[in-house]
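# Close look at the chain arrangement
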Amino acid sequence: MFLTVTTTGTPEHPATDLGHLLHKHPGKAQAFSTSYGTAHVFYREADDLRCTAALLLEVDPVALVRKGRGKGRGGAPDATLAQYVNDRPYAASSLLAVALGGVFSSAMRGVCRARPELPARPRPLRVEIPALPARGGRDLVHRLFAPLGWAVTAEPVALDAEFPEWGESRYVRLVLRSDTVTLAEALRHLYVLLPVLDDAKHYWVSADEVDKLLRAGEGWLPGHPEQKLITSRYLSRRWSLARQATERLELLRLAETDDSEVEEIDNAVAGETATEEDKPAPLAVQRREAIVAALHEAGAARVLDLGCGQGQLVQALLGDTRFTEIVGLDVSVRALAIASRRLRTDRMGERQAARVRLLQGSLVYTDKRLAGYDAAVLSEVIEHVDPERLPALQHAVFGAARPRTVLVTTPNVEYNVRWETLPAGHARHGDHRFEWTREQFRAWAQAVAARHGYTVRIRPVGPDDPEVGPPTQMAVFTLTTAHDTTGTTDTKEAKAA
Amino acid sequence: MTETETATTAPGRVLPVTDLSLVVLVGATGSGKSTFARRHFKPTEVISSDFCRGLVSDDENDQSASRDAFDVLHYIAGKRLAAGRRTVVDATSVQQDARRQLIDLARAHDVLPIAIVLDVPEEVCAARNAARTDRADLPRRVIQRHIRELRRSLRHLEREGFRKVHVLRGVEEIDRARVVTEKRFNDLTHLTGPFDIIGDVHGCSAELEALLGKLGYVDGVHPEGRTAVFVGDLVDRGPDTPGVLRRVMAMVRSGHALCVPGNHENKYGRYLKGRKVQPTHGLAETIAQMEGESEEFRQEVRAFIDGLVSHYVLDGGRLVVCHAGLPEKYHGRTSGRVRSHALYGDTTGETDEFGLPVRYPWAEDYRGRAAVVYGHTPVPQATWLNNTLCLDTGVVFGGRLTALRWPERELVDVPAERVWYEPARPLRTEAPGGHDGRPLDLGDVHGRRSVETRHAGRVAVREDNAAAALEVMSRFAIDPRLLPYLPPTMAPTPTSRVEGYLEHPLEAFEQYRQDGVARVVCEEKHMGSRAVALVCRDAEVARDRFGVEGPTGSLYTRTGRSFTDDPALTEQILGRLRTAADDAGLWAELDTDWLLLDAELMPWSLKASGLLRAQYAAVGAAAGAVFPGALAALEGAAARGIDVTGLLDRQRERASAAAAFTAAYRRYCWPTDGLDGVRLAPFQIRAVQGRSLAGLPHDRQLALIDRLVEHDGSGRLQTTRRLYVDTGEAESVRAGVDWWLEMTGRGGEGMVVKPLGALVRTEQGRLVQPGIKCRGGESLRIIYGPEYTRPDHLARLRQRSLHHKRSLAIREYALGLEALARLADGEPLWRVHEAVFGVLALESEPVDPRL
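Residues numbered from 1 in each chain as written. Chains lettered and ligands numbered in written order. Predicted model: local features only at pLDDT ≥ 70, side-chain atom pairs only at ≥ 80, totals over all residues.

What follows covers the overall build of chain A. Each helix and strand in chain A was counted, giving 19 helices and 14 strands. The buried share among the 497 residues of chain A stands at 49%. (Helix = DSSP H or I, 4+ residues; strand = E, 2+ residues; numbered from the N terminus. Buried ≥ 20, exposed ≤ 12 C-beta atoms within 10 Å, placed from the backbone.)

Let us now look at the overall build of chain B. The helix and strand tally for chain B stands at 28 helices and 32 strands. Over its C-alpha atoms chain B spans a radius of gyration of 36 Å, topping by over 25% the 29 Å that the globule rule assigns to 851 residues. Each principal axis of the C-alpha atoms in chain B carries an extent, and together these give about 120 × 80 × 55 Å. Classification of the 851 residues of chain B by burial places 50% in the buried group. (Rg over C-alpha atoms; globule rule 2.2 N^0.38 Å.)

Let's shift gears to the domain arrangement of chain B. Residues and elements named next belong to chain B. Here chain B is partitioned into domain 1 (14–182), domain 2 (187–415), domain 3 (445–481 + 800–851), domain 4 (496–526 + 720–798), domain 5 (528–602 + 680–710) and domain 6 (604–666). Here the C-alpha centre of domain 6 lies 30 Å away from the C-alpha centre of domain 4. Taken residue by residue, the interface counts eight residues in domain 4 and nine residues in domain 6. Of the residues belonging to the side of domain 4 that touches domain 6, the class tally is two nonpolar, three polar and three charged. (Domains from an automatic or database assignment. Contact = placed C-beta atoms within 7 Å. Nonpolar A, V, L, I, M, F, W, Y, C, P; charged D, E, K, R; others polar.)

Residues and elements named next belong to chain B. Ordered in space as 8-12-13-16-18-17, the six strands form an open sheet in which the pairing is mixed. Sheet topology places strand 8 (187–188) and strand 17 (384–385) at the edges, where each strand pairs with a single neighbour. In terms of strand pairing, strand 13 (residues 319–322) meets strand 16 (residues 371–374) through three bridges, oriented parallel. Bridge pairing in strand 16 links Val320 to Val372. (Pairing = 2+ DSSP bridges.)

Here the focus is the pairing of strand 21 (residues 449–453) of chain B. All names here are of chain B. What you see with strand 21 is a clean split: Arg449, Val451 and Thr453 sit on the buried side and Ser450 and Glu452 on the side with no burial. Pairing of strand 21 with strand 22 (residues 457–461), which is carried by five bridges, proceeds in the antiparallel orientation. In the sheet register, Thr453 faces strand 22, and the bridge partner there is Gly457. Adjacent in sequence and paired antiparallel, strand 21 and strand 22 are bridged by three residues.

Residue and element names in this part refer to chain B. Looking at chain B, pLDDT values average 91 and 96% of them are 70 or higher. Within the model, pLDDT remains below 50 along residues 1–8, and this stretch shows nine contacts once partners closer than five positions in the same chain are excluded. Predicted confidence for residues 429–437 stays below pLDDT 50, and this span has 23 contacts to residues more than four positions away or in other chains. (pLDDT = per-residue confidence, 0-100.)

Residue and element names in this part refer to chain B. Taken in spatial order, the five strands line up as 3-4-2-5-6 in an open sheet, and their pairing is parallel. With one partner strand each, in any of the chains shown, strand 3 (46–48) and strand 6 (164–169) form the two edges of the open sheet. Ignoring which end each strand starts from, the neighbouring axes of this sheet average 20° apart. The strands touched by helix 2 (residues 49–57) are strand 3 and strand 4 (87–90); relative to strand 3, the strand with the most contacts, the crossing angle is about 60°. (Axes fitted to C-alpha atoms, helices over the stretch in contact; angles between N-to-C directions.)

The subject of this paragraph is the interface of chain B and chain A. Taken together, the contact pairs 73 residues of chain B with 84 residues of chain A. Where the side of chain B that touches chain A is concerned, the elements lending two or more residues are helix 11 (263–272), helix 14 (336–344), strand 14 (347–351), helix 16 (463–475), helix 21 (604–639), helix 22 (645–666) and helix 25 (777–784) of chain B. The biggest single contributor to the side of chain B that touches chain A is helix 21 of chain B, with 22 residues. When its residues are assigned to classes, the side of chain B that touches chain A shows 35 nonpolar, 19 polar and 19 charged.

Bringing helix 14 of chain B into the picture now. Residue and element names in this part refer to chain B. The element helix 14 is extensively covered by neighbouring structure, given that seven of its nine residues are classed as buried. Turning to helix 14, its buried residues are Val338, Arg339, Ser340, His341, Ala342, Leu343 and Tyr344. Looking one or two residues past helix 14, Gly345 carries a phi angle of roughly 75°, positive in sign.

Turning next to the pairing of strand 2 (residues 30–34) of chain A. Residue and element names in this part refer to chain A. Pairing between strand 2 and strand 3 (residues 37–46): five bridges, direction antiparallel. Bridge pairing in strand 3 places Ser33 opposite Thr38. Counting the residues in the hairpin turn of strand 2 and strand 3 gives two residues.

So, on to helix 4 (residues 96–108) of chain B. Residue and element names in this part refer to chain B. Taking 1.5 Å as the rise per residue, helix 4 with 13 residues should run 18 Å; its terminal C-alpha atoms sit 18 Å apart, in good agreement. Listed in full, the buried residues belonging to helix 4 are Arg99, Leu102, Leu105 and Ala106. Around the axis of helix 4, the buried residues are gathered within 115° of arc, so they sit on the same side. Relative to its buried face, helix 4 has exposed residues pointing more than 90 degrees away, namely Asp97 and Arg100. As for helix 4, its buried residues are in contact with strand 2 (21–26), helix 3 (66–82), strand 4, strand 5 (112–119) and helix 7 (157–160). Where helix 4 ends, the next residue or the one after it, Asp110, has phi of about 55°, a positive value. (Expected span 1.5 Å × (residues − 1). Arc of directions from axis to C-beta.)

We now examine the packing of helix 19 (residues 567–584) of chain B against helix 23 (residues 698–710) of chain B. All names here are of chain B. One can describe the packing of helix 19 onto helix 23 by two numbers: an axis separation of 8 Å at closest approach and a directional angle of 105°. Considered as vectors, helix 19 and helix 23 are oriented roughly perpendicular to each other. Here Ala580, Ala581 and Ala584 of helix 19 come into contact with helix 23, specifically with Arg707, Leu708 and Glu710. Of the residues contributing to the contact of helix 19 with helix 23, the split by class is four nonpolar, no polar and two charged. (Parallel < 35°, antiparallel > 145°, perpendicular 65-115°, else oblique.)

Let's shift gears to the confidence of the model for chain A. If pLDDT is low for a region, its predicted coordinates should not be looked at in detail. All names here are of chain A. Taken over all residues, the pLDDT of chain A has a mean of 84, while the share at 70 or more is 85%. Contacts for the low-pLDDT stretch residues 68–79, under 50 throughout, to residues beyond four places or in other chains number 37 contacts. pLDDT under 50 marks residues 238–247. Its contacts with residues more than four places away, or in other chains, come to 15 contacts.

Quick look at the UniProt feature "domain: Methyltransferase type" (unreviewed entry) in chain A now. Taken from the UniProt record, the annotation "domain: Methyltransferase type" (unreviewed entry) applies to residues 304–397 of chain A. This span, residues 304–397 of chain A, is 34% helix and 20% strand, and a straight line between its end C-alpha atoms measures 10 Å. (UniProt positions renumbered as here; feature names shortened; annotations may be inferred.)

All right, on to the packing of helix 21 of chain B against helix 22 of chain B then. Each packed pair of helices is defined by two parameters, the angle between the axes and the distance between the axes. Residues and elements named next belong to chain B. In contact at an axis separation of 9 Å, helix 21 and helix 22 are set at 155° when each is read in the N-to-C sense. Our classification of the angle between helix 21 and helix 22 gives roughly antiparallel. In this structure, helix 21 meets helix 22 at a crossing whose hand is left-handed. Only Leu647, Leu648, Gln651, Arg652, Ala655, Ala658, Phe661, Thr662 and Tyr665 of helix 22 make contact with helix 21, whose side of the interface consists of Leu612, Tyr616, Val619, Gly620, Ala623, Phe627, Ala630, Leu631, Leu634, Glu635 and Ala638. (Left-handed = near helix turned anticlockwise from the far one by under 90°.)

A separate point is the environment of Ala107 of chain A. All names here are of chain A. Along the chain, Ala107 falls in helix 5 (residues 105–109). Spatially, the C-alpha atoms of Ala107 and Gln310 are 47 Å apart, while their sequence positions differ by 203 residues. Those residues in contact with Ala107, other than ones at most four positions away along the chain, are Leu21, Leu22, His23, Leu183, Ala184 and Leu187.

Right under this line is the structure:
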């Protein structure tokens, strides 16, 4: 909510020229109404040698709440606690950037009617922002500002001096110094880069944001080494936040009930791990190919994808007409929404649409809708279930749904040493409740098969390393007895009766 | 039940029609079916094809709409039959194909198909049609064809599957006929017992006599008029089948017993009728033993077996007895399928390693309201599962003969004298369902639902909220068997009118006074996180009562997540509680081997550290970083004579508010290491074995808790400070306010005011809020933001609406009470889980999170 701009000068080129450049008189304190509260401009010092202008935004919390409401606004999702207890009134957030753009619009454009020669002339500038939210850390702050001709000092701000173990906050105290940057450029840098560094939860992005970015970025953004990051962060929030606001409210409230952050529970659609991202195509594709091949071998036409996530496998199965009915089931409503978008279910022809269904469900409950299918696939699913709840899953899949064929894939933890980017002892995904060795998986699979009347074979997926095995292991379960519920001894007797 | 020949006696024909059946009227157009239906059945029981034709085409006579019309007719009839309602189909039904569809429908719903044929001369039909303007031009050949087809049908109506066929010939007989409603044989709902239901006897006469004696029968008669109910399989395998049959048949004949058939009776019955059956599974023994009996006795046995009814619905529909178990949709139904299921049960189609069919675990799916008591599958121990009980404890294999007293629900058994017969496979080591096989079904929680509660009627759960709860329950919650309760949310006190306060106890006391609550208890809030602890006396209790292998209980949050990530730490905390309960003698005093405790776990930072860092500390850090510079700049400007006075003062106030905010959250934080630094303040025992303590007054609750804390040697358990207030006494109210002011003045979180009686209703019968929280001014800072005390903010915040929060609190409270009651009653897991899940779902309703 606060920043200062300081310049130094000489009697010939007095520092107070800053007042002309900013179109704000150094002898006055002025207030401007903005959409998020009142912006105050005043000068801490103003003489020929040194002049410091300050912008202080008094955020109106009610305005913040109001702006945040409603679909597509990109504000805080719903009326959540985050709205009332947040850093907006203190941090140099994107709101400050909006105020900056409003209060200093002429200065940003480099227009000065009284002294037209001033704006183009670089002068010593010092910008200080005592509480700058910096997603990406001090390193990113350097990478963003240094290429623009700034000498950057970014000091960490501790979360709480009484609890040093909590570490640093996401804020830095930023000081920028330059003798080459003009004031107009400086303001445009801040206008774009403050929101980029902010984690943007409360930023209302309007439809003409692209134009604003092009205007403010003119002259410096095209050549910036981080141009891609700047552009994508600046613009990407628009739709993703709008979506957040409509989709995760119930989960968010449940997180609040537990005094925890929503990310802790609304993480079903987190990206894959760093490791798998390195080689996303090969392993994920190999897994799908192995699954499809095993389904063909089993002669399966009606297939359940249990824990379908974002629907990649469902999509692959849809492309193969031998699969006449595909059901994707997931517990995450958000994942299903993404799967539905991926499959474009709203535009699907009737014939295609009849082949596929997406259902919310849970594998720790039995589910009558899942009975009578040829095959079920649980691809990278079991490791997301707490071990003590696996028996319930086993019962629901092998005991109740009881398809002829069940395919289960799961990571082989032994292979983790081959992922170069994965720190030793780390799981491949933050939500993995366990990762098994080949022996553990085999033992589990055999016990399940024995208990429920299946036979099982284990297959490698991906390169089968002679030492540590494949990255993914797959179990193919086959029901041993006919899937026929009539005609047994007992019922024959009954009929004869 | 055969076609009764016409006999033109004076009172007219009596047509017995079963109370639950599909009645098919058969007759040509104009034969008077609609008139007959109107006269003998309720208007809503009758569905006519003409009416359905009208529904789909606006024209009752549009024959081209017949196909759609019959679809509608079958659909409606199906819905009625599924709901257990007799249905009369008023269509010509002269064609076999039309009738076959109706018979299939009756079979699909396991009800009796009954035909009533109206055989009227062609002239009469023609005259009636001619009299109707809409049918005047009906060709004569249509009527002729109908009558031709009807006559042809008459011979084989029974063979088609009609279980009763009434043929009425001529107008006079039709007019004089009377329909009499008959009950189904299996409907004994009017009998209320009390009953003693006895498991599979299998010829173990001595054990049967011993059990009857233990139950109090003297020579087959109970002095208190109890009725024995046998679940079948009296015969085969054992040493004295004739003795058992003689006893049971005599008791049934004299009205002191009921008996349903088992598969073994059924097979022996077929043998007696001369059918060819394999003398396996112990039948050979029965045949040999019966050889020694008289032919007369054998005929009696044959008649007895022939007359057995597959299952009985007893005691107002609360109890169903059959041999092999029965899903709810078959209760009170009559079909070959129902009989077969009642005798043999369902099988999965597999055979096990001993070559015997694998039984389908129907009881795991059972969700019915009636208790189903059955036998058939030998189990080591009779155990309730989803309101079903298998009483076959394998006496003939050397197990026990078991009886259930109803409605007492007590088990009585006697041991076998010896192993009379070697089992083909070992007795199952687990009860049906087993320990990891008490699955919950998605149908019990998913989608839009309403949960019936005993304290607040039906509580609705919306689909979106259930979807969110499903996600959290599936991905993050602990094993539902260890999650028998979730605490409800609590409403704050009505917004205060006292200057400078958003919340103040005066309004809370006043609210309870208005609700008719004279005495309340104020309990300090602990500045921790809510935690529920299920503490079992040992792992064996956890296994036997809750079905889990390993843990001795659970410690979980308000959304059912494990409080700690470390099972060992959980066990340590449970261990503390257990030791304290041991030393305080609570197990014996409360006659229980488990406790369900509601508690507060400190520090808050233990659970909420993520939130603290990301949100609270972050706000403090940003404010701490920004104000020194901003204030210095303003002071600099002021020193230059610039008028920034208002602005500067405001920023100084804001800076000190931010500092107060940081101080406020810091009170909730201290470092912990394992159990070190962790404190637990239990404040209520929610339930113990067989009892919900939701209605135990809070003073007695706190006395129990105090003893628990007193006997804790570790110092980890903490008591809850409290003050009792009489809401109608000014002095007492003032003392309550002072107490609160003193606590919150030191930065305390505040207090919860509860009616002393715990579970209290208003005079109008409405549930009173079980607690109202009054939070301290400083602790509200971390809820409403650092600057909430600014007069303009406070004025705005006072506009808050409590309505939804209060309604939510009551609905969740009712669901919580329901979960506790179901738990205490030993109801099946799915019933407890349904209520618990409801609480979680409601928690995702949109309510102002600051309340």
